[in-house]
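# Architecture at a glance
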Amino acid sequence: RSARIEALSEDERFALARIERACDTVLVGDYLEPLEMPVLPTPAETGPANFDDRAAVLFGPDRRETFGDGDILTINRGATHGVAAGARFAIYRDPKQGLRLPLIELGEAVVVDVNESVSKAVLVRVKDLVETGDVAVPRGPAQP
């Protein structure tokens, strides 16, 4: 479960807080920890998309499957594929997978954390809802 709360007042033992956003029910006894927003690396300059190297949107925190502006998602490309923090990916939907219809542009993401075979990216521009199974296409370096 995850929620974002704001402490309104506090004393030595208790705090009064307001729930700003909750993804599930907040229950007595739930554990709270300070919110740490991810630091967005300096995004790489954007160039043309490399449609020959399509990645897939896998999931988000808590196996989330839909994403909007500012959300973090996982893609199936990592360090072994040459991905580094700051890399940009254009996000598309393939409306009829395999039927050669044009891809629909959904937005853009910047990689914030890289593992060997997967990366976490934050959506920095969104035109429409992004979902598990959408296509992530790496953006090359800017052309002079």
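Shown above is the structure to which this text applies.
Just so it is clear, the structure is predicted and the values come from calculations on it, not from any experiment. (Residues numbered from 1 in each chain as written. Predicted model: local features only at pLDDT ≥ 70, side-chain atom pairs only at ≥ 80, totals over all residues. Heavy atoms only, no water.)

## A few points about the side chain of Thr 74
For the record, the criterion: Where helices and strands are cited, they refer to DSSP runs of H or I of at least four residues and of E of at least two residues respectively, numbered from the N terminus. Three labels apply to residues, based on accessible area from a 1.4 Å probe with only protein chains included: buried if under 20% of the type maximum, exposed if over 50%, partly exposed otherwise in between.
Considering the arrangement of structural elements, one finds Thr 74 in strand S5 (residues 72-75). Classification of Thr 74 by relative accessible area gives buried; the value is 6%.

## What to know about the side chain of Glu 108
Keep this limit in mind: Here a polar contact is taken to be a pair of N or O atoms separated by no more than 3.5 Å, where protein atoms must pair a possible hydrogen donor with a possible acceptor and residues adjacent in sequence count only if both atoms sit in side chains. Contacts were defined at the residue level, with two residues in contact if any of their heavy atoms lie within 4.5 Å.
Structurally, Glu 108 can be placed in strand S7 (residues 104-114). Taking relative accessible area as the criterion, Glu 108 reaches 6% and is therefore assigned buried. Within the structure, the side chain of Glu 108 is placed 3.0 Å from the side chain of Arg 139, a separation counted as a polar contact. Here Glu 108 is in contact with Thr 46, Arg 88, Phe 89, Ala 90, Ile 91, Val 122, Leu 123, Val 124, Arg 125 and Arg 139, once residues within four sequence places are set aside.

## Examining the pattern of salt bridges
What counts, and what does not: A carboxyl oxygen of Asp or Glu within 4 Å of a side-chain nitrogen of Lys or Arg is what we treat as a salt bridge.
Enumeration over the complete set of coordinates arrives at 12 salt bridges. For Arg 93, the salt bridge is made with Glu 131, and the minimal N-O distance between the two is 3.7 Å. Of this pair, Arg 93 sits in strand S6 (residues 88-93) while Glu 131 is found in strand S9 (residues 130-131), placing the two residues 38 residues apart along the sequence. Judged by its relative accessible area of 32%, Glu 131 falls in the partly exposed class. Each of Arg 88, Glu 105, Glu 108, Arg 125, Lys 127 and Arg 139 takes part in a single network of salt bridges with overlapping partners.

## Some details on the packing of aromatic side chains
Selection criterion: Each Phe, Tyr or Trp ring (for Trp, its six-membered ring) is paired with any other whose centre lies within 6.5 Å, and the angle between the two planes then decides the class: stacked below 30 degrees, edge-to-face above 60, tilted in between.
Under the counting rule described, the total for this entry stands at one aromatic pair. Their ring planes at 55 degrees and their centres at 5.4 Å tell us that Phe 51 and Tyr 92 sit as a pair that is tilted. Pair noted here: Phe 51 is in the loop between strand S2 (15-22) and strand S3 (55-59) and Tyr 92 is in strand S6, with a separation of 41 residues, a long-range link.

## Here we look at the nonpolar core
Here is the rule: What is meant by a nonpolar core is a set of buried Ala, Val, Leu, Ile, Met, Phe, Trp, Tyr and Cys residues, joined one to another through side-chain atoms within 4.5 Å.
If you look at the biggest cluster of nonpolar residues, it comprises 15 residues, and the most contacted ones within it are Leu 73, Phe 89, Ile 91, Leu 123 and Val 130. Mapped by element, the contributors of at least two residues to this core are S3, S5, S6, S7 and strand S8 (119-126). Residue contributions to this core peak at three residues, all from S7.

## Things to note about a nonpolar patch on the surface
Condition: The residues that make up patches have over 30% relative accessible area and no salt bridge, and they are joined within 9 Å when like-charged or within 5 Å when they are Val, Leu, Ile, Met, Phe, Trp or Tyr. Surface accessibility in these figures is a Shrake-Rupley result with a 1.4 Å probe; residues are shielded only by whichever protein chains are displayed.
A cluster of nonpolar side chains, contributed by Ile 5, Ile 19, Val 26 and Leu 32, occupies part of the molecular surface with about 340 Å² of accessible area. With a relative accessible area of 35%, Ile 5 lands in the partly exposed category.

## Some points on the sheet that holds S8
Strands in a sheet are paired, the pairing made by backbone hydrogen bonds, and the direction either parallel or antiparallel. To keep things clear, this is the line we draw: Only when DSSP finds a minimum of two bridges between them are two strands counted as paired. Throughout, an axis means a line fitted to C-alpha atoms (over the contacting stretch in the case of helices), and angles, computed between N-to-C directions, take values from 0 to 180 degrees.
An order of S3-S5-S8-S7-S6-S10 is seen for the six strands of this closed barrel, with the pairing classed as antiparallel. Neighbour to neighbour, the strand axes of the sheet diverge by 45 degrees on average, direction disregarded. Pairing of S5 with S8 involves four bridges; the strand directions are antiparallel. Considered in S8, the bridge of Leu 73 is made with Ala 121.

Honestly, that's just the spatial picture; any functional story needs more than this.
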